[in-house]
Amino acid sequence: MIPELGHFALIIAFAVAIVQSIVPLVGTSKNQTALISLARPAALTQLLFVGLSYAALTHAFIVHDFSVLYVSQHSNLVQPLMYRISAVWGSHEGSLLLWTLILSLWTIAVAVYSKNLPEILMARVLAVMGMISTGFIAFMLFTSNPFERIFPTPLDGNELNPLLQDPGLVLHPPLLYMGYVGFSVAFAFAVAALLGGKLDATWARWSRPWTTVAWSFLTIGIALGSWWAYNELGWGGWWFWDPVENASFMPWLVGTALIHSLASTEKRGVFKSWTVLLAILAFSMSLLGTFIVRSGVLVSVHAFATDPARGVFILGFLVVVVGGSLALYAWRSATVISFGRFQWFSRETALLLNNIIFLTATTAVFVGTMYPLVVDAFGVGKISVGRPYFDTMFSLVGIPLLLLLGIGPSIRWKGDDWSRVVRTYTLFFIVSLVAGLLIPFMVEEKLNLSTGLGLAAALWVALTTLKDLFSRISRKLKLSMSYLGMVLAHFGVAVFVAGVTVTTTYSEEKDLRMVPGSSYNISGYEFRFQGTRKVQGPNYIADEAVIEVWSDGELSGELLPQKRVYSGKSNPMTDASIDKTFTRDLYAALGEELDGGAWSMRVYYKPLIRWIWLGCILMTIGGALAVSDRRYRQTVKNKVLEKNTAAASA
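Residues numbered from 1 in each chain as written. Predicted model: local features only at pLDDT ≥ 70, side-chain atom pairs only at ≥ 80, totals over all residues. Heavy atoms only, no water.

## Re the nonpolar core
And then number 1: Counting 157 residues, the largest nonpolar core has Trp106, Val110, Val125, Ile137, Phe189, Trp252 and Val276 as its most contacted members.
And then number 2: The greatest single-element share of this core, amounting to 18 residues, is contributed by helix α8 (residues 167–196).
And then number 3: Every residue in contact with valine 125, bar those within four places of it in the chain, is listed here: Val110, Ala188, Phe189 and Ala192.
And then number 4: Judged by nonpolar contacts, the second largest core, of 17 residues, contains Met514, Phe529, Leu586 and Val603. (Core = buried A, V, L, I, M, F, W, Y, C linked by side-chain atoms within 4.5 Å. Buried < 20%, exposed > 50% of the residue type's maximum accessible area, 1.4 Å probe, protein only. Helix = DSSP H or I, 4+ residues; strand = E, 2+ residues; numbered from the N terminus. Contact = heavy atoms within 4.5 Å.)

Structure below.
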């Protein structure tokens, strides 16, 4: 009965979402307060029924209700409780329900924490978010019902994909979806402002903290996915330019541009067109990612669906959302004209260049991701766009972006003296360039230009960011939380770039054939293979290798990589073992058993790879600090609210 209750709750949530989408908009058009006031109760009601549906599916997994097809496909009797719970979002139907639940949570958060907004604008925002909910709940009800029954009921299930039975995958999808879905708030604010015909600095201030929160979640979600791939897949890399990885990266790039564009619109009233289009594009890229993952157009460890009908539904929804919002933008184009004036050398110009660079990077990823899919869809053939293309494109846009990032925060609004900035930062530029080029020369005793430029860029961002901070402290200027958040995020970028540069250049790997007692030296560390042993896990049996790591004649660690066979699965899965420090990782992955008691083995030396995820953590914390700025919690004066309400209803 509980699965039926979950399905029925989803149907009710669908009906409520339709009401939330239509009734408040009718109220705003007719200026009827009773209809406008229904927006918040409808959002809360929808959350309650979506939450009930999600709880029913979770209950089915916990109690092993294999009469539910989705449960029988992704769980079995010996699967640990943690992975039974995470299996709820482990495949297409359940992850879509999680998406809808998170969208409902975002909607109610906006309703609760935006009480200072004009009621008409708030009703429009919640109505737009209700439209998005309507689309996703319809997607579930008509193509992806998570409560579909199976008869006769099997005695046991198939089990969750072993690759997904990892602590990183317990947190990665919810955090990623919080970012994906969070951009719907910026989208809803943009569409609501267009409907009202009023886009000003106040609108940007309302939208900016929600966008920053979504960006922070997406940042840590992507980082966690990278960490999972590094730990779980056994190939020792942190980013593969997989189409599904790119699907999450594109909205992050656009979202980063949107955050900076919102700052310009809020402080100076400029770039309204940019800000609105970026808000539309950020959420559109999130929907595009949904299409890539769920349409069946590709095969990936990250992809869910193989049913083309689902892809057609999502593609149609994407066309409606993007096409409708762009048509609305064209209709209201006269309201998004910016009247702010600024000189060619100003912070506004720097932020405009920032937007152009981020959109160029997004375009490069979009072309590299979609072009092979389009070629394949038209039957022209199969091609692949790999790492060389992406690395080259990001090298071209990365250097000017990092150069701009270093000086941008110190350039004054409206206009500045370029010679002042040059005088201030010339020494920092020279020190960064010389030190960056010298470091690889000291390591390799030869000039490595690409590595030197990468390290120079990281030093440049770090030094200029700290210089600007200490300059403000010395002048006893007030340091707002938004400024400190920016400083920490920019410093995180420097740490990230340093980690990427060093681990890309100086990582070492070796495929080995090892027998018990054999050893291999890599980067000053000796890997001694002691043999293998059988290990019984909660739902798997593993061959576990014992590898001692020696350095300078002393035992410094032990690696225990495994080859696991999960219950109900015939293919063995690799579980890597990593000896971690702040400055390097030693990584071992166990391969296949060979003749004569030998095993294939892959070992890695990964310097500064932890800095990649440390940089992402710093960026995320920076976003959280920025959102905590007190100006986002200040009560808007009544006369301003009344003025905005009157303008919005005009």
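## Here we look at the pattern of salt bridges
And then number 1: Using the criterion set out here, one finds 19 salt bridges in the structure.
And then number 2: One salt bridge connects glutamate 266 with arginine 208, and the closest N-O pair in it is separated by 2.8 Å. With glutamate 266 in helix α10 (residues 243–268) and arginine 208 in helix α9 (residues 201–232), this residue pair connects regions lying 58 residues apart in the sequence.
And then number 3: Close ionic contact of arginine 610 with aspartate 585 constitutes a salt bridge, the shortest N to O distance being 2.7 Å. On the criterion of sequence distance, the pair formed by arginine 610 in helix α18 (residues 610–627) and aspartate 585 in strand β9 (residues 584–593) is long-range, its members being 25 residues apart. Residue arginine 610 shares its accessibility class with aspartate 585, and that shared class is buried. (Salt bridge = Lys/Arg side-chain N within 4 Å of Asp/Glu carboxyl O.)

## Re the packing of helix α6 (residues 92–113) against α9
And then number 1: Their axes nearest at 12 Å, the elements α6 and α9 cross at an angle of 145 degrees. Regarding α6 and α9, the two cross each other, and that crossing is right-handed. Within the contact between the two elements, α6 uses Trp106, Ala109, Val110 and Tyr113 and α9 uses Trp210, Val213, Ala214 and Phe217.
And then number 2: Its residues assigned to classes, the contact of α6 with α9 shows 8 nonpolar, no polar and no charged. (Axes fitted to C-alpha atoms, helices over the stretch in contact; angles between N-to-C directions. Left-handed = near helix turned anticlockwise from the far one by under 90°. Nonpolar A, V, L, I, M, F, W, Y, C, P; charged D, E, K, R; others polar.)

## Some remarks on the domain arrangement of the protein chain
And then number 1: By domain assignment, the protein chain separates into domain 1 (1–160), domain 2 (163–340 + 352–385) and domain 3 (508–610).
And then number 2: The C-alpha-based centres of domain 1 and domain 2 are spaced at 22 Å.
And then number 3: Across the boundary between the two partners, domain 1 contributes 38 residues, which contact 39 residues of domain 2.
And then number 4: A combined buried area of about 3,400 Å² lies between domain 1 and domain 2, and 80% of that area is made up of carbon and sulfur atoms.
And then number 5: Our enumeration of links across domain 1 and domain 2 arrives at 0 salt bridges.
And then number 6: One can count 3 residue pairs in polar contact (both at pLDDT 80 or more) joining domain 1 with domain 2.
And then number 7: Going through the elements one at a time, α5 (81–86), α6 and α7 (119–143) are the ones with two or more residues in the side of domain 1 that touches domain 2.
And then number 8: Among the elements that make up the side of domain 1 that touches domain 2, the one with the highest residue count is α6 (12 residues). (Domains from an automatic or database assignment. Buried area = accessible area lost by both parts, 1.4 Å probe. Polar contact = N/O pair within 3.5 Å; in protein donor to acceptor, adjacent residues only side chain to side chain.)

## Comments concerning the sheet that holds β9
And then number 1: Here we have 4 strands laid out as an open sheet, ordered β1-β10-β9-β8, and antiparallel in their pairing. Edge positions in the sheet fall to β1 (508–514) and β8 (577–580), since each of these pairs with one other strand and no more. Strand-to-strand twist across the sheet, computed as the mean angle between neighbouring axes with direction ignored, equals 15 degrees.
And then number 2: As judged from the 4 bridges shared by β8 and β9, these two strands associate in the antiparallel manner. In the strand pairing of β9, aspartate 579 is matched with leucine 586. (Pairing = 2+ DSSP bridges.)

## Observations concerning the side chain of threonine 451
And then number 1: Tracing the backbone through its elements, the reader meets threonine 451 in helix α16 (residues 449–474).
And then number 2: Separated by 2.8 Å, the side chains of threonine 451 and threonine 505 make a polar contact.
And then number 3: Not counting residues up to four positions away in its chain, the partners in contact with threonine 451 are Pro440, Thr501, Thr505 and Tyr506.

## Let's talk about the side chain of threonine 620
And then number 1: Among the structural elements, threonine 620 can be located in helix α18.
And then number 2: Contact partners of threonine 620, with chain neighbours within four places excluded, come to Ser216, Thr219 and Ile220.

## Describing the environment of isoleucine 259
And then number 1: Positionally, isoleucine 259 belongs in helix α10.
And then number 2: Taking the C-alpha atoms as reference, isoleucine 259 lies 40 Å from serine 75; in sequence the two are 184 residues apart.

## With respect to the packing of aromatic side chains
How two aromatic rings sit relative to each other is set out by the distance from centre to centre and by the angle between their planes.
And then number 1: Inspection of every chain in the model, using the stated rule, returns 31 aromatic pairs.
And then number 2: A ring pair is formed by tryptophan 241 and phenylalanine 390, whose centres lie 4.6 Å apart and whose planes are at 10 degrees; its orientation type is stacked. You can see tryptophan 241 sitting in the loop between α9 and α10 and its partner phenylalanine 390 sitting in helix α14 (residues 387–407), a full 149 residues away along the chain. Residue tryptophan 241 shares its accessibility class with phenylalanine 390, and that shared class is buried.
And then number 3: Ring pairing ties together the aromatic residues Trp215, Trp239, Trp241, Phe249, Trp252, Tyr389, Phe390 and Phe394, which thus form one cluster.
And then number 4: Here arginine 528 stacks its cationic end above the ring of tryptophan 550, 4.1 Å away from the centre of that ring.
And then number 5: A cation sits over an aromatic face here: arginine 564 above tyrosine 540, 4.1 Å from the ring centre. (Phe/Tyr/Trp six-rings, centres within 6.5 Å; stacked < 30°, edge-to-face > 60°. Lys NZ or Arg CZ within 6 Å of the ring centre and 35° of its normal.)

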